[in-house]
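# Results of the structural survey
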Amino acid sequence: MSLVTTPVNEKFSDENFRHHLDAFWLNVPWVQELKENSWREYQELRPPVRTDEHWRFTDLRKLKLEGFSPSQEPEEAQKAAVLEQSNVVGSPAGRLVFGDNFLIDFDGVSGELAAKGVIWMPLSQAVVEHPELVQKYFLNEENRLGSEKLLALHNAFFHGGSFLYVPKGVEIEQPLCAYYWSIGCNEAIFPHTLLVVEDNAKVDFVDYYGSYGDDCCSTLSCGVGTIYAGQGAQVFRKIVQNFNEETLSFQLEANIASRDSSVKTIAVNLGSAYARLQNHTRIVGPGADVKMYGLTIAKGEQEFDQRTLQIHEAPHAVSDLLFKNVLLDDSRTIFSGLIKVDKDAQQTDAYQTNRNLLLSKSAEANSLPGLEIEANDVKCSHGATTGQVDENELFYLMARGIPRATAYELLVYGFFEEIVEKISNEDLRENVRLLVRKKFAQ
């Protein structure tokens, strides 16, 4: 059942919200209650203001939600077109494809994985078929990075999303992929990814966010992703955000790492007029190892807003963050990160690095790394660098017959390769390189 059409000059309204509940959640009482509470919270919370520390340096004029309405189901031709483009990984272990929140395609896991207890399905199906399991993990993480109002809006209107549960000791070799496409103009999508990976299990996961159709089509994406990594679990999640440059994008992430787990994430940010990536990581078990990487290309008047929080609650754990940004034209980036070490988290080893490469005199990079340490036996550091292409390196390449423009591109690609080469899947790694080249060619 599709939502009724809403005039684009209206904000999210009580009428829109009631239509959403009636269309999708009428027979799921616990989700309906959660959504009603979230809708009230959204209405009560004030929007960000300039004096909010978590929105420091952000151009709040770009954060206007007016003009967006809940999405409509795409036409069959549009569904077929985005399905054909949902191929950044050649042979996934499972695939979900959404267009404007509506499920377009679902490829389940193999019979062998299903027999081992792996659950892979749309979130809307999982809350019905596995309510106790989903409720145990769903939306249980708090938000400390300033986007409480946006999270409440997501919780009130989410529909499309993916759910993955990997039981103890199960290893999935090929990646699972979820695609979230924005198709309609002046509409909003609310992607949601929930990964529950039990003790000593292993999984690769890819989320791809993209636009189909008119490049001048303005849309809103407000997504949430959560990783729960059990003891000794290995989780590697890649996020590729490639919306058109009229999109307003928010991606609110939470990672929970238990004893001896390995959690790695890579975020590739290319699209949107304004994109905010927010990552709240809690290390709750000793021996955990968390790696967070980011690759961002900003052109034109794009603004990328990156906010991170690494909380060490347990001793003998490691976290390492590396975000690299390339800025052209009049673009802007913001990185604000904090490593917080609790008093009992002795022998923590934590790092945080933001590197910015300016390819324009009018581009602007803002970096605010920080530490808050209560323990007395730790090794923590943070740093930020901002600079331009090294003229000596450029001269070295040109002296060997490489044209200046080509040499320039090679140095930029080399700047990113430290992160790209960490992508374990060959198909995805090559597709990311192609997307980076395409972004520079535009």
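Everything numeric in this text was worked out from a predicted model, so none of it was measured. (Residues numbered from 1 in each chain as written. Predicted model: local features only at pLDDT ≥ 70, side-chain atom pairs only at ≥ 80, totals over all residues. Heavy atoms only, no water.)

Whenever strands of a sheet pair, they do so through backbone hydrogen bonds, lying parallel or antiparallel. Ordered by their spatial adjacency, 10 strands build an open sheet running β3-β2-β6-β9-β11-β13-β15-β17-β19-β21, and the pairing between neighbours is mixed. Lying at the two open borders of the sheet, with one neighbouring strand each, are β3 (102-107) and β21 (379-387). Strand-to-strand twist of the sheet, defined as the mean angle between neighbouring strand axes without regard to direction, takes the value 5°. As judged from the nine bridges shared by strand β19 (residues 349-358) and β21, these two strands associate in the parallel manner. Each residue of the ladder has a partner; that of Thr353, found in β21, is Gly383. (Pairing = 2+ DSSP bridges. Helix = DSSP H or I, 4+ residues; strand = E, 2+ residues; numbered from the N terminus. Axes fitted to C-alpha atoms, helices over the stretch in contact; angles between N-to-C directions.)

Moving on to helix α1 (residues 14-24). Think of an α-helix as turning once every 3.6 residues; residues three or four places apart then point the same way. All of the buried residues in α1 are Asn16, Phe17, His20, Leu21, Ala23 and Phe24. Buried positions along α1 lie against α2 (29-44), β1 (69-70), β3 and α7 (148-157). (Buried < 20%, exposed > 50% of the residue type's maximum accessible area, 1.4 Å probe, protein only. Contact = heavy atoms within 4.5 Å.)

Here Asp100, not a glycine, exhibits a phi torsion of approximately 50°, which is positive. Assessed through its relative accessible area of 2%, Asp100 is described here as buried. A positive phi angle, near 90°, is found at Ser272, a position not held by glycine. On the secondary structure map, Ser272 appears in the loop between β13 (262-269) and β14 (274-283).

What follows deals with empty space enclosed by the protein. Tallied over the full model, the rule gives three cavities of 30 Å³ or more. Of the volumes computed, that of the largest cavity is approximately 110 Å³. Around the largest cavity, the lining comprises 14 residues; the ones closest to its centre are Gln241, Ser249, Gln251, Asn269 and Leu277. Counting residues per element, the ones that place at least two in the lining of the largest cavity are β11 (234-242), β12 (248-257), β13, β14 and β16 (303-312). Here the lining of the largest cavity is built from residues that sort into seven nonpolar, five polar and two charged. (1 Å grid on protein atoms, 1.4 Å probe; cavity = no way out; pocket = protein on both sides within 12 Å on 5 of 7 lines; lining within 4 Å. Points joined across faces, edges and corners; volume = space filled by probe spheres on them. Nonpolar A, V, L, I, M, F, W, Y, C, P; charged D, E, K, R; others polar.)

The next thing to look at is the state of the cysteines. For the coordinates displayed, the defined rule picks out one disulfide. In this model, Cys185 is linked to Cys217 through a disulfide, with the two sulfur atoms separated by 2.2 Å. One end of the pair, Cys185, is in the loop between β6 (176-182) and β7 (187-189); the other, Cys217, is in the loop between β9 (202-211) and β10 (220-229), with 32 residues separating them in the sequence. Its relative accessible area of 3% is what places Cys217 among the buried residues. (Disulfide = S-S within 2.5 Å.)

A few words now on the UniProt feature "domain: SUF system FeS cluster assembly SufBD N-terminal" (unreviewed entry) in the protein chain. Sequence positions flagged by UniProt for "domain: SUF system FeS cluster assembly SufBD N-terminal" (unreviewed entry) are, in local numbering, residues 29-176. In residues 29-176, the share of helix is 37% and the share of strand is 16%. The end C-alpha atoms are 30 Å apart. (UniProt positions renumbered as here; feature names shortened; annotations may be inferred.)

Take the UniProt feature "domain: SUF system FeS cluster assembly SufBD core" (unreviewed entry) in the protein chain next. Under the feature "domain: SUF system FeS cluster assembly SufBD core" (unreviewed entry), the UniProt entry names residues 186-415. Here residues 186-415 runs as 9% helix and 59% strand, with 36 Å between its end C-alpha atoms.

With that settled, consider the nonpolar core. Counting residues in hydrophobic clusters, the biggest one holds 45 residues, and the most contacted among them are Phe12, Phe163 and Phe250. Looking at this core, the element that brings in the most residues is α7, giving five residues. Apart from the residues lying within four places of it in its own chain, the contact partners of Phe163 are Ile119, Trp120, Met121, Leu123, Ala126, Leu133, Val134, Leu194 and Val196. Listed in part, the 41 residues of the second largest apolar core include Val88, Val89, Ile183 and Val412. (Core = buried A, V, L, I, M, F, W, Y, C linked by side-chain atoms within 4.5 Å.)

Here the focus is the packing of α2 against α7. Relative placement of two packed helices is described by the angle separating their axes and the distance separating the axes. Where α2 meets α7, the axes come as close as 8 Å, and the angle between the chain directions of the two elements is 145°. Where α2 crosses over α7, the two elements pack in a sense that is left-handed. Contact residues: α2 offers Leu34, Lys35, Ser38, Trp39, Glu41 and Tyr42, while α7 offers Lys149, Ala152, Leu153, Asn155, Ala156 and Phe157. In terms of residue class, the contact of α2 with α7 is built from seven nonpolar, two polar and three charged. (Left-handed = near helix turned anticlockwise from the far one by under 90°.)

All chains considered together, the criterion is met by 25 salt bridges. Of the charged contacts in the structure, one is a salt bridge between Arg46 and Asp52, with a shortest N-O distance of 2.9 Å. Residue Lys291 pairs with Asp289 through a salt bridge whose shortest N-O separation is 2.5 Å. The class for Asp289 is partly exposed, based on a relative accessible area of 27%. Within this structure, Lys62, Glu303, Arg332 and Glu364 form a network of salt bridges that share partners. (Salt bridge = Lys/Arg side-chain N within 4 Å of Asp/Glu carboxyl O.)

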